[in-house]
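# Remarks on the overall topology
Letter by letter, the chains look like this.
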Amino acid sequence: MGVKLVLKDEQVAELMECMKKHKQKPGPLMPTLHDAQRIFGCVPLEVQRIISKELGETISKINGVVTFYSRFTIEPTGKHVINVCLGTACYVKGSQLILDEFSNQLHLQPGHTSDDGEFTLGATRCIGACGLAPVFTVDGNVYGQANPNMAKKALADLKAAK
Ligand code: FES
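Residues numbered from 1 in each chain as written. Predicted model: local features only at pLDDT ≥ 70, side-chain atom pairs only at ≥ 80, totals over all residues. Heavy atoms only, no water.

### Topic: the domain arrangement of the protein
Considered domain by domain, the protein is made up of domain 1 (9-68) and domain 2 (80-160). Each of domain 1 and domain 2 was reduced to a C-alpha centroid, and the two centroids are 30 Å apart. (Domains from an automatic or database assignment.)

See the structure below:
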């Protein structure tokens, strides 16, 4: 499931240019991944293959870095990005139920984007708003002391605003 990304020739050429520069310094992988995320909006397997070939790093190492850092994504992000905090303070106050509600409403597993490119659903670590636990964010706006009904309402508002 998810949005299929078509790599454009000019985007690949830009990435190759960036890698040429980064290779002249030690540790070219991180700056290359930043460029790839900027150029393609994500770092899917097709892009990881290009990087692997050029930098001589294994796909498993590259994929490990991409999945570890939340600033990199495997799929293109949707028009609306929803994140539910699963940090300890939020989790003990039921944030998993909020995530499940979004997941059911959107028919989407966390970490994925809907086929129409509208929504990306994610689970995050602590976002530093524990006093408001449990929290979720929609396009960067924080919803505190949240519950599954609030999630449903936030989605309905987004869909109504389309
Ligand atoms: S644990 Fe959710 S904001 Fe800190």
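### Re the side chain of Thr137
Residue placement: Thr137 occurs in strand S4 (residues 136-138). Discounting chain neighbours no more than four positions away, the residues touching Thr137 are Val81, Ile82, Asn83, Ile127 and Val142. (Helix = DSSP H or I, 4+ residues; strand = E, 2+ residues; numbered from the N terminus. Contact = heavy atoms within 4.5 Å.)

### Comments concerning the sheet that holds strand S5 (residues 141-143)
Read from one edge to the other, the open sheet built from five strands follows the order S2-S3-S1-S4-S5, with strand pairing classed as mixed. At either end of the open sheet lies a strand with only one pairing partner, and these are strand S2 (112-113) and S5. Strand direction decides the pairing type here: S2 and strand S3 (residues 119-124), joined by two bridges, are antiparallel. Bridge pairing in S3 places Thr113 opposite Thr120. Of the strands in this sheet, strand S1 (80-85), S3 and S4 are in contact with helix H6 (residues 95-106), which crosses S1 at around 150 degrees. Strands S1, S3, S4 and S5 of the sheet are contacted by helix H7 (residues 148-160), whose axis makes an angle of about 5 degrees with S4. (Pairing = 2+ DSSP bridges. Axes fitted to C-alpha atoms, helices over the stretch in contact; angles between N-to-C directions.)

### A word on helix H4 (residues 59-68)
Three or more residues of H4 are buried, namely Ile62, Val65 and Val66. Considered in projection along H4, the buried side chains sweep an arc of 100 degrees and stay on one side of the axis. Among the exposed residues of H4, those pointing more than 90 degrees away from its buried face are Ser60 and Thr67. The inward-facing, buried residues of H4 abut helix H2 (29-40) and helix H3 (45-55). (Buried < 20%, exposed > 50% of the residue type's maximum accessible area, 1.4 Å probe, protein only. Arc of directions from axis to C-beta.)

### What to know about the pairing of S3
It is a general feature of regular strands that their side chains alternate between the two faces of the sheet. Where S1 and S3 come together, six bridges link them in parallel fashion. Looking at the pairing, Asn83 lines up with Gly122 of S3.

### Brief notes about the packing of H6 against H7
When two helices pack together, their arrangement is captured by the angle between the axes and the distance separating the axes. Close contact between H6 and H7 brings their axes to 8 Å; oriented N to C, the two are set at 35 degrees. In this structure, H6 crosses over H7, and the sense of that crossing is right-handed. Residue-level contacts link Leu97, Ile98, Glu101, Phe102, Gln105 and Leu106 of H6 to Pro148, Ala151, Lys152, Leu155 and Lys159 of H7. Residues that form the contact of H6 with H7 fall into these classes: seven nonpolar, one polar and three charged. (Left-handed = near helix turned anticlockwise from the far one by under 90°. Nonpolar A, V, L, I, M, F, W, Y, C, P; charged D, E, K, R; others polar.)

### Re a nonpolar patch on the surface
There is a patch of nonpolar side chains on the surface, built from Ile127, Leu132 and Val142 and spanning about 240 Å² of accessible area. Turning to its location among the elements, Leu132 is positioned in the loop between S3 and S4. (Patch = residues over 30% accessible without salt bridge, like charges linked within 9 Å, V, L, I, M, F, W, Y side chains within 5 Å. Areas by Shrake-Rupley, 256 points an atom, 1.4 Å probe, with all protein chains shown as cover. Salt bridge = Lys/Arg side-chain N within 4 Å of Asp/Glu carboxyl O.)

### Some details on the environment of Pro26
Considering the arrangement of structural elements, one finds Pro26 in the loop between helix H1 (9-22) and H2. Judged by its relative accessible area of 79%, Pro26 falls in the exposed class. Through-space distance from the C-alpha of Pro26 to that of Gly41 is 25 Å; in sequence the pair is 15 residues apart.

### Quick look at the nonpolar core
By size, the foremost hydrophobic cluster in this structure holds 19 residues, and its most contacted members are Leu15, Leu33 and Ile51. When contributions to this core are tallied by element, the ones reaching two or more residues are H1, H2, H3 and H4. Broken down by element, this core gets its largest block of residues, five residues, from H2. Beyond its immediate stretch of four places on either side in the chain, Ile51 contacts Leu15, Met19, Leu29, Thr32, Leu33, Ala36, Val43, Gly56 and Ile62. (Core = buried A, V, L, I, M, F, W, Y, C linked by side-chain atoms within 4.5 Å.)

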